[in-house]
Each structure stands twice: as C-alpha cells, then as structure tokens.
Amino acid sequence: MIPVTKPFLPPKEEVYQLLDQVWERQWLTNNGPLVNEFEDQLKKYLGLPHLLFVNNGTLALQIAIKALGLSGEIITTPFSFIATSNCIVWEGCKPVFVDICADSFNLDPSLIEAAITPATTAILATHVFGNPCAIDEIAKIATKHKLKVIYDAAHCFGSSYQNQSVFAYGDISITSFHATKLFHTVEGGGLFSNSVALIEKMAFLRNFGYNGPHTFAEVGINGKNSEFHAAMGLANIKYIDEILDKRKSLSNYYRGQLQDMGLQFQELNTHSNYNHSYMPVVFQDSASTSKVVEALEANHIFPRRYFYPSLNTIPLFNASESCQVSESIASRILCLPLYHTLTPADIDFIVLTIKQSLSS
Ligand SMILES: *Cc1c(COP(=O)(O)O)cnc(C)c1O
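The present account deals with the structure reproduced in this document. (Residues numbered from 1 in each chain as written. Predicted model: local features only at pLDDT ≥ 70, side-chain atom pairs only at ≥ 80, totals over all residues. Heavy atoms only, no water.)

### Let's talk about the packing of aromatic side chains
What counts here: Each aromatic pair joins two rings of Phe, Tyr and Trp (for Trp, the six-membered one) with centres within 6.5 Å, and gets the label stacked for planes under 30 degrees apart, edge-to-face for over 60, and tilted for any other angle. Helix and strand definitions here come from DSSP, where helices need a minimum of 4 consecutive H or I residues and strands a minimum of 2 consecutive E residues; each element is numbered from the N-terminal end. Partly exposed describes any residue whose relative accessible area lies between the buried limit of under 20% and the exposed limit of over 50%, with all areas from a 1.4 Å probe on protein chains only and scaled to the type maximum.
For the coordinates displayed, the defined rule picks out 25 aromatic pairs. Pairing Y278 with Y306 gives two aromatic rings, centres 5.7 Å apart and planes at 35°, and the pair type is tilted. Here Y278 is found in the loop between β11 (272-273) and β12 (280-282), whereas its partner Y306 is found in the loop between α10 (286-298) and α11 (324-332), with 28 residues between them in sequence. Exposure remark for Y278: the relative accessible area of 14% places this residue in the buried category.

The structure is reproduced here in structure tokens:
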C-alpha cells in the first residue's frame, strides 16, 4: 500500500531520552522546559526572533484573527484546506472568496481590490503547497486599503521568500505541525509575527489570558502545547535538512518521470526556495482525473484530491462568488504520494499506472 503521506518518525530512543527528562521533572505541560527549548531551536533554525508554539494550526489561525481584532469581511482563497475559511466563520467574520492564479494556485492579487468593501478588514491567504503567494503585491494592496494580512503557511516549513523564512511575512503568519505535514510534532502549530506587541498579546491569548497568578490581560483560550509534543519536535528537527533534501530529490525524480504526459505542475515563485512539501499534478479534465484515481486505487496507491472541493462551493459558507479557476483546478488536481521513505521504484510504479490509465 502506498498512501499519500506517511509521518516522519525519528529513532524511538531519541524521543525516549527526552521523555525520561519529562518523567524526572514530572512537568508535563504549561510552558515547560522542552516547549521552551523547542521554541528556541525553531527560532534558530528559521532565523526568526519571535514565535509561539501552540496546540494546532487551526487554533493558531483563530488566535491570529482574535489578536488583530478582525471583524466584518476577510478576503480569502477558495483553494485551501477547509480550516482556513472555517476559522474566519468561527471568529464571527465573513469569508469573501477571491479566485486564484491558474499557474501558482495562490490568491490572484489582481482580483483583490475589486472584492474590497467598507466591511473588509483583512486578507487571509494560503501559500498553497508551500509555494509563496505574491507577497509584495498583497502587502501593497493591504497598505493602500489599511487591511491586515494573515498568511496560512501551514505547508511552508522550510520554504523561504527573498532569503527569509516565509513565516516572516504578513502581520501574522501561522503554520501547522500536524503529523501529515513535512515537519511535525504529532499535533501542533506555530504563530509568527515581527510585532513584539502582537506576539505578547498572542502569548496571553494562548494561556487563558493570564498575565499574573490572578490577573488577566485578555479573554484567552487554551492554545498551549505539551512537553510530549515538544519532545517529538525536538527529535524531528535534527532531521529537517535530511527530510527537505529527500523531498527535493523525490520531487525532481517525479517531475522527470512525469514529463510529456500533458500534465500541469504548480509554477513556483521565482524568489523562493521551495520545500517540496507536496507533489501536485493537474490533469486535463476531471474525467481523466477520476480514471487515474481509480487505476491508482486498484493498485493500492492512494493519492489525495487536494484541495477539493473549491471552498466557495461548500454550502456551509453560503458564498455567492464563483471562482472558476479554483473550481477547475480543484476538479483536476491530485497530490501524489510523497514521504520520506517513498522510493524511486515506488514512483516508477505510480507513474506507470498513471500512464497506462491515461492511454487506455
Ligand atoms: C493542515 C492545515 C491547516 C490546519 O492545521 P492543523 O494543525 O491540522 O489544525 C490549516 N491550513 C492548511 C492549509 C492546512 O494544510
């Protein structure tokens, strides 16, 4: 069986050594020493002065919206994981879907201004599959219209833009350390901002709003993460360069083998260093996509229709916008299996199965 992804697992002994310390200290959560050490190592690795480790990426998005005090309408992408728009609704705001670029799969900056109304307070964009958005153009529009920018950078660990971690951009950037992501802490998330004031506020929000033993600075929530999750992060981060190198070589091998089959690949931002977190391919029509899925599944290969469906078409969101590019890509895209222990022979088998299906 070849699933779409498998979590990276570090050597057990390296996690056990860290857990031995947890047993000695009997300190399991609430800003413990491993959480602090993990945050320090992340800052060092990413070259960022501020960040917060939280319990998942979804809550990180919610804390970001809360910290910026957003209300009204938030311009967002229809081509993302459902958590991106769920969080907007959960925080009492309205998602306004703006279509994506057909080549980058990211929010199309040329369509944003037409969607701005007096109720618009922010832009929440996803760097799809770790490929940075048109960051400079979005910043320009946001400044002109006094909007906040949040980036859903859930896929972005290891991606950079203009030689800086992509987490450095936007008023706030969030990531996910979920087990399915390239770098993970089982469950976990990260909050990033260059503003010390926002980081302080989000640190209060993460911990019930406490700013003293019996005093509160904010109406907070429980966004803390535990010593166990930090232990997994500390064990995994030692392998991050190996993980990134492996992804890169597997992705390049895939691209070589998938040449000349009439498939579309994601066009990568030329100012970025990409992390190869996913292996998306777009087929010519949705019928051939379904046929390929069937053929792969018959051979115990499980790609994922990701992202599907386009978020603006989900009845829960009551959206009237049509986003033709996103809807079209969503109906034709597959993320092919990509994980640390995948082999070139696995890729050969996957590609052969796709080829046979397309020519049958
Ligand atoms: C995974 C993911 C999230 C949610 O992160 P969790 O840690 O699973 O809550 C949000 N947005 C995108 C684009 C994701 O892929």
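Anyway, onward from the coordinates.
### A look at the pattern of salt bridges
Heads up, the condition is: Any carboxyl oxygen of Asp or Glu within 4 Å of a side-chain nitrogen of Lys or Arg constitutes a salt bridge here.
Overall, the coordinates contain four salt bridges when judged by the stated rule. A salt bridge links K238 to E14, with the shortest nitrogen-to-oxygen separation between them at 3.3 Å. Taken as a pair, K238 in the loop between α8 (227-237) and α9 (240-257) and E14 in helix α1 (residues 12-25) lie far apart in primary sequence, 224 residues in all. E39 is the partner of R206 in a salt bridge, and the nearest nitrogen-oxygen pair spans 2.9 Å. Taken as a pair, R206 in helix α7 (residues 196-206) and E39 in helix α2 (residues 33-46) lie far apart in primary sequence, 167 residues in all. Taking relative accessible area as the criterion, R206 reaches 10% and is therefore assigned buried. E39 gets classed as buried once you look at its relative accessible area, which sits at 7%.

### Some remarks on the side chain of N312
Quick note on the threshold: Here a polar contact is taken to be a pair of N or O atoms separated by no more than 3.5 Å, where protein atoms must pair a possible hydrogen donor with a possible acceptor and residues adjacent in sequence count only if both atoms sit in side chains. Only heavy atoms matter for contacts: two residues are in contact if any of them lie within 4.5 Å across the pair.
By secondary structure assignment, the location of N312 is in the loop between α10 and α11. A polar side-chain atom of N312 sits 3.2 Å from the main-chain carbonyl oxygen of E321. Polar side-chain contacts of N312 include one of 2.7 Å to the side chain of E327. In this structure, N312 is in contact with P78, F97, A319, E321, S322, C323 and E327, ignoring residues within four places of it in sequence.

### A word on the nonpolar core
How we decide: Only buried residues count toward a nonpolar core. Its members are Ala, Val, Leu, Ile, Met, Phe, Trp, Tyr and Cys residues joined through side-chain atoms within 4.5 Å.
Core analysis: the biggest nonpolar cluster contains 51 residues, and L42, F157, F167 and F183 have the highest contact counts within it. Elements represented by at least two residues in this core include exactly α1, α2, α5 (112-115), β4 (120-126), α6 (135-145), β5 (148-152), α8 and α9. The element that contributes the greatest number of residues to this core is α8, accounting for six residues. When sequence neighbours within four positions are dropped, the list of residues in contact with L42 reads G47, L51, F157, F177, F183 and I237. Grouped together as the second largest cluster of nonpolar side chains are 25 residues, L70, C87, A122 and L191 included.

Honestly, it's all geometry; don't read function into it.
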